[in-house]
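Here is how the chains run, residue by residue.
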Amino acid sequence: MGTGMGTLGSRWGGEGAGKPRARHSVPSFASGRRENETERFLAVRHGGEGRAGRGREAVTARLNYHFTRQYNYKCGFCFHTAKTSFVLPLEEAKRGLAMLKEAGMEKINFSGGEPFLQDRGEFVGKLVQFCKQELELPSVSIVSNGSLIRKLWFEKYGEYLDILAISCDSFDEDVNVLIGRRQGKKNHVENLHKLRQWCREYAVAFKINSVINRFNVEEDMNEQIKALNPVRWKVFQCLLIEGENSGEDALREAEKFVISDEDFDRFLDRHKDVSCLVPESNQKMRDSYLILDEYMRFLNCRNGRKEPSKSILDVGVEAAIKFSGFDEKMFLKRGGKYVWSKADMKLDW
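Rules used throughout
- Residues numbered from 1 in each chain as written.
- Predicted model: local features only at pLDDT ≥ 70, side-chain atom pairs only at ≥ 80, totals over all residues.
- Heavy atoms only, no water.
- Helix = DSSP H or I, 4+ residues; strand = E, 2+ residues; numbered from the N terminus.
- Contact = heavy atoms within 4.5 Å.
- Phe/Tyr/Trp six-rings, centres within 6.5 Å; stacked < 30°, edge-to-face > 60°.
- Buried < 20%, exposed > 50% of the residue type's maximum accessible area, 1.4 Å probe, protein only.
- Lys NZ or Arg CZ within 6 Å of the ring centre and 35° of its normal.
- Core = buried A, V, L, I, M, F, W, Y, C linked by side-chain atoms within 4.5 Å.

Asker: Residue-level account of the environment of Leu228, with values.
Answerer: If you trace the backbone, Leu228 turns up in helix H8 (residues 222-228). In this structure, the C-alpha to C-alpha distance between Leu228 and Ile208, residues 20 residues apart in sequence, is 9.2 Å. Residue contacts for Leu228: discarding those within four places in its chain leaves Phe171, Leu192, His193, Arg196, Arg200, Phe206 and Ile208.

Right under this line is the structure:
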């Protein structure tokens, strides 16, 4: 992660991705470039359609923005670890999102780290509201472990959120403890059910993400998943990424969690009657996501590690995305394009 900082690194005083300044110490940006960010954002919304064609073919509709690496769990297989504490200032994050909309973005997924750690969920809430209300994106989603989400957040921001995906790898709390998906005495499974109910109350589509690994590969989750009835159940094969959860400079050692392709297939076969199941093997995962890191750099995973582009804030979307390593054919093959706006979902809230 130490390459590709470009002018972004020098502007913020960092010498590389490994030694960024924390958010509270980031200096102000030149006021001349951003005298009125609101006007600039609204120009994209109301008057920017003529410019929107530039680079549209180069940008897929769906992006994942990992705006923070900080996390409150200790999942042993985590493949996007807390290597920095950096978070963009809110207005800069909005500026980048407006650029992505102009380049053709239709769906944004906010992830981490844990998105609800920053400003107790206010940061991601404001981004969700901005993307839905100002940028008018068809779909806005969040991936979270759910431990920090409060009902008040739904009351304030729920109307702007299309999909909430909660990570749950097991319905056995002892297994969650082994994996590291727990904080203190909180029961992860009990919290999952509470969040499911809040999603019903506030008309947010509910999704579950599970990472299949050595500690849960023999588990039968049919009954629990069917009872929770998510719109999608994403089932991932535990993936090694050098520098994140594997190798000398990694913060996690995920080798003990890895399962074979045959083990993963057996798990899928055991759950073949779950209609909402969407499987993702290592092959499907590695290059089929367009990922932006905390600096708004595209991350290329083709060589088994995350190699960053320059930031879109410095070089623009079209220049940066050339280094993303994105495999659009695999994106479509794994079912990356689906009904992702709650306005188009026929759900019984």
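Now that the structure is up, let's keep going.
Asker: Go over the packing of aromatic side chains with me, naming the residues and quoting the values.
Answerer: Evaluation of the coordinates by the stated rule reveals 12 aromatic pairs. With centroids separated by 5.1 Å and ring planes inclined at 40 degrees, the aromatic side chains of Phe67 and Phe123 adopt a geometry described as tilted. On the criterion of sequence distance, the pair formed by Phe67 in the loop between strand E1 (62-66) and helix H3 (90-102) and Phe123 in helix H4 (residues 122-134) is long-range, its members being 56 residues apart. The exposure class assigned to Phe123 is buried, which follows from its relative accessible area of 1%. Judged by centre distance (4.7 Å) and plane angle (10 degrees), the ring pair of Phe86 and Tyr295 falls under stacked. Remark: Tyr295 occurs in the loop between strand E8 (291-292) and strand E9 (297-300) and Phe86 occurs in the loop between E1 and H3; sequence separation between them is 209 residues. As far as the burial class goes, Phe86 and Tyr295 line up, both buried. Three or more aromatic residues link up through ring pairs in this structure, and these residues are Phe116, Trp153, Phe154, Tyr157, Trp198 and Tyr202. Between the NZ or CZ atom of Arg214 and the centre of the ring of Phe215, over which it lies, the distance is 4.6 Å.

Asker: Before we move on, can you summarise the nonpolar core with the specific residues and values?
Answerer: With 68 residues, the main nonpolar core has Tyr65, Leu97, Ile108, Phe110 and Trp233 as its most contacted residues. Top element by residues in this core is H4. It accounts for 6 residues. Apart from the residues within four sequence positions on either side, Trp233 is in contact with Ile208, Ser210, Met221, Ile225, Phe267, His271, Val274, Cys276, Leu277 and Val278.

Asker: Provide a residue-level description of unusual backbone geometry, including the pertinent values.
Answerer: Going from Gly112 to Gly113, the amide bond is cis rather than trans, its omega being 10 degrees. Checked against the element boundaries, Gly113 lands in the loop between strand E2 (107-111) and H4. If you check the backbone angles, Asp119 has positive phi at about 55 degrees while not being a glycine.

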